[in-house]
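# Overview (structure and organization)
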Amino acid sequence: MSQTDSGAAADQPGVLIEHLFRRHAGKMVSHLTRLLGPAHLSIAEEAVQDSMLRAISSWPYDGIPRNPEGWLFRVAHNSAIDALRHRRMAGSKSAELTAELRRAASHPVLEQTFRDDELSLIFMCCHPAIPPDSRIALSLKTACGFSVREVARALLAAEDAIAQRIVRAKKQIRDQRLSIEMPSGHDLEERIDSVLAVIYSMFNEGYSAHEGEDLIRLELCREALRLGLLIASSEWGRPKVHALVALMALQTARIRARVDEAGDLVLLDDQDPTQWDHQLIALGFHHFDRAIGGADVSRYHIESAIAVHHAQPATDWRAILELYDQLLELDPGSAVVRLNRAVAVARVDGATAALAAIEPLSRDRSLAGYHLREAVRAHFLMETGEKEEAASAFRAALACRCSMPERRFLERKLQQCLSG
């Protein structure tokens, strides 16, 4: 952490601990898992969690250490050693693992080592022996530092279901003795898709939080972008990896314009382009250029191309509509893509055409409880002058789970319908 970061949080230990956990928990779990072996992933997670809990209990009273990251690192190692000693889970290897942990704790760990460990853990979590839905849940929990509740929010699933997925995935790792070594060849190519899905899920939860006080959780967006850049800069970078990095960089560049000073939602037409982060836009264009030229076109290529259009001074909605049509060819069953495409339809052909485009989605069970289905429909109904139906749709949206800024926005729109 920079001196600026530490200084800004010096009077707020809780804020600093949360920041450090989000930024370093995945690295620490990855590192301990390599030392202990994948079978003891739970010990690694619990040791890192214990270091955070000890920081919460001591830093507000004893003060923040001069090197907070190093403090957490040493406490996590000691906690893992205690776990091996008391649980006796490592069998005949207990003494050997304890000695390795002590050696690691007494030597500074190079950032390159953390980087390699982190990549290895993410790819292990996405092993083909683990079911796809469990891969994402496990990766978000272990490699990205999400709580079970945050994973459930990101995947729109119940907490108990997510907890069960994670437990089953860890059991598979133990029972099948999966390796934390990086895959190669066909196995690598197969796992990259799961890894990118994990990173994109993380980014989406940060870009538009499903619930809570904030519309945007910038820390999650930055962490997802960091992980994407980690893979893009490695020997395992692929065009689709660069496409995802481009998408996340371009979306993150426009985040400040999406909310006002009160943290409330600002619609696209009302956003101020002068608030865009032009360094991130340049980074996005750089990786978009590197994504072009591969034999395969992924959904990340198309979505990053849409983001490129949104990053222009004037938005070409007809080109965006054509890109959504291409996206539907790749993923014809995606109700969310169809919903987003309807926004482009409204810009090109009007609200009536957009309403016709989303009418089949009213029966799509995958969107049940998804507030944006009702909110988008309500917006189109307002544009066509059907205020009573729009008010009904806004009420339906408010009955769904959403962030507080979105809820306040929907309530204002409902009042406009009722007062008009």
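The structure reproduced in this document is the subject of the present report.

Rules used in this analysis
- Per chain, residues are indexed from 1 in the order of the written sequence.
- Local features in this predicted model are restricted to residues whose pLDDT is 70 or higher, and side-chain atom pairs enter the listing and the counts only when it is 80 or higher, whereas totals over whole chains, interfaces and linings include all residues.
- Heavy atoms throughout the structure, all of them, feed into the side-chain values; hydrogens and water do not.
- In this description a helix means any DSSP run of H or I spanning at least four residues, a strand means any run of E spanning at least two, and both kinds are numbered starting from the N terminus.
- Categorising residues by exposure relies on relative accessible area from a 1.4 Å probe, with only protein chains included: less than 20% of the type maximum marks a residue as buried, more than 50% marks it as exposed, and the intermediate range marks it as partly exposed.
- We call two residues in contact when some of their heavy atoms are within 4.5 Å.
- A 1.4 Å probe and the Shrake-Rupley method give the accessible areas. Residues count as covered only by the protein chains that appear here.
- For this analysis, a ring pair means two rings from Phe, Tyr or Trp (six-membered ring only for Trp) whose centres lie within 6.5 Å, classed as stacked if their planes differ by under 30 degrees, edge-to-face if by over 60, and tilted for the remaining angles.
- One speaks of a salt bridge when a side-chain nitrogen belonging to Lys or Arg is within 4 Å of a carboxyl oxygen belonging to Asp or Glu.
- Helices are assigned an expected span. That span is 1.5 Å times one less than the residue count.
- Polar contacts, as used here, are pairs of N or O atoms within 3.5 Å; protein pairs need one atom able to donate a hydrogen and one able to accept it. Residues neighboring in sequence count only if both atoms are side-chain atoms.
- Axes here mean lines fitted to C-alpha atoms, for a helix over just the part in contact, with angles spanning 0 to 180 degrees between N-to-C directions.
- Oblique is the label for any angle not under 35 degrees, not over 145, and not in the 65 to 115 range, which are roughly parallel, roughly antiparallel and roughly perpendicular in turn.
- By definition, any crossing whose near helix is turned counterclockwise from its far helix by less than a right angle is left-handed, and any crossing with a clockwise turn is right-handed.
- All amino acids are sorted into three groups, where Ala, Val, Leu, Ile, Met, Phe, Trp, Tyr, Cys and Pro are nonpolar, Asp, Glu, Lys and Arg are charged, and the leftover types, Gly among them, are polar.
- The disulfide criterion used throughout: a pair of cysteine sulfur atoms within 2.5 Å.

Scanning the protein chain from N- to C-terminus turns up 20 helices and zero strands. Of all 420 residues assigned to the protein chain, the portion counted as buried reaches 52%. For the protein chain, contacts bridging at least 24 residues in sequence account for 65% of all contacts bridging at least 6. As displayed, the protein chain offers around 20100 Å² of accessible surface, 50% of which is attributable to carbon and sulfur atoms.

The next subject is the packing of aromatic side chains. Note on aromatic pairs: each is described by the distance of the centres and the angle between the planes. Here the structure, examined in full by the defined rule, presents three aromatic pairs. With a centroid separation of 5.6 Å and an interplanar angle of 80 degrees, the aromatic rings of tyrosine 200 and tyrosine 300 are classed as edge-to-face. Here tyrosine 200 is found in helix 10 (residues 185-207), whereas its partner tyrosine 300 is found in helix 14 (residues 299-310), with 100 residues between them in sequence. Take tyrosine 200 and tyrosine 300: they sit in the same class, and that class is buried.

The backbone of arginine 177 sits at a positive phi, close to 50 degrees, despite the residue not being glycine. Relative to the assigned elements, arginine 177 resides in the loop between helix 9 (159-175) and helix 10. For arginine 177, a relative accessible area of 75% puts it in the exposed group.

Time to look at the side chain of histidine 31. One can find histidine 31 in helix 2 (residues 13-36). Taking the relative accessible area as the measure of exposure, histidine 31 reaches 3% and is therefore buried.

Along the chain, valine 245 turns up in helix 12 (residues 239-253). By relative accessible area, which is 0% here, valine 245 ends up buried. The spatial distance from the C-alpha of valine 245 to the C-alpha of isoleucine 231 is 9.5 Å, given a sequence separation of 14 residues. Residues contacting valine 245, with those up to four places away along its chain left out, are Leu225, Gly228, Leu229, Ala232 and His287.

This next bit is on the pattern of salt bridges. Per the stated rule, a full pass over the model turns up 18 salt bridges. Between glutamate 303 and arginine 299 there is a salt bridge; the shortest N-O distance is 2.6 Å. Taken together, the residues glutamate 303 and arginine 299, both in helix 14 and four residues apart, mark about one turn of the helix. By relative accessible area, which is 12% here, glutamate 303 ends up buried.

The terminal C-alpha atoms of helix 12, which comprises 15 residues, lie 21 Å apart, in line with the 21 Å expected from a rise of 1.5 Å per residue. Judged by how many residues are buried, helix 12 sits mostly within the fold: 14 of 15 residues are covered.

What follows deals with the environment of aspartate 50. Take aspartate 50: it is sitting in helix 3 (residues 41-62). Take aspartate 50: its relative accessible area is 19%, and that puts it in the buried class. Each C-alpha atom, one on aspartate 50 and one on alanine 76, is 6.9 Å from the other, the two residues being 26 residues apart in sequence. Of the polar contacts made by the side chain of aspartate 50, one reaches the side chain of arginine 54; its length is 2.9 Å.

Right, let's talk about the side chain of serine 30 for a bit. Assignment of secondary structure puts serine 30 in helix 2. In this structure, serine 30 is in contact with Asp117, Glu118, Leu121 and Ile180, ignoring residues within four places of it in sequence.

Relative to the elements of secondary structure, alanine 291 occurs in helix 13 (residues 278-291). For the pair formed by alanine 291 and histidine 301, sequence separation is 10 residues and the distance between their alpha carbons is 7.2 Å. Excluding residues within four positions of it along the chain, alanine 291 makes contact with Pro239, His242, Ala243 and His301.

To describe two helices that pack against each other, one gives the angle between their axes and the distance between the axes. Close contact between helix 19 (residues 387-398) and helix 20 (residues 404-419) brings their axes to 9 Å; oriented N to C, the two are set at 160 degrees. Relative to helix 20, the element helix 19 is oriented roughly antiparallel. Seen from above, helix 19 lies across helix 20 with left-handed handedness. Residues Lys387, Ala390, Ala391, Phe394, Arg395, Ala397 and Leu398 of helix 19 lie in contact with helix 20, whose contacting residues are Arg407, Leu410, Glu411, Lys413, Leu414, Cys417 and Leu418. Broken down by class, the residue content of the contact of helix 19 with helix 20 amounts to nine nonpolar, no polar and five charged.

Now for the state of the cysteines. Counted according to the given criterion, the structure contains zero disulfides. With no disulfide of its own, cysteine 126 lies 6.5 Å from the sulfur of cysteine 125, the closest cysteine sulfur. For the unlinked cysteine cysteine 400, the closest cysteine sulfur is that of cysteine 402, found at 7.7 Å.

Close contact between helix 16 (residues 335-349) and helix 17 (residues 351-358) brings their axes to 7 Å; oriented N to C, the two are set at 155 degrees. Comparing the axis directions of helix 16 and helix 17 gives the class roughly antiparallel. The way helix 16 lies across helix 17 gives a crossing that is right-handed. On the side of helix 16, the interface is formed by Leu339, Arg341, Ala342, Val345, Ala346 and Asp349, while helix 17 contributes Ala351, Ala353, Ala354, Ala357 and Ile358. Residue composition of the contact of helix 16 with helix 17, grouped by class: nine nonpolar, no polar and two charged.

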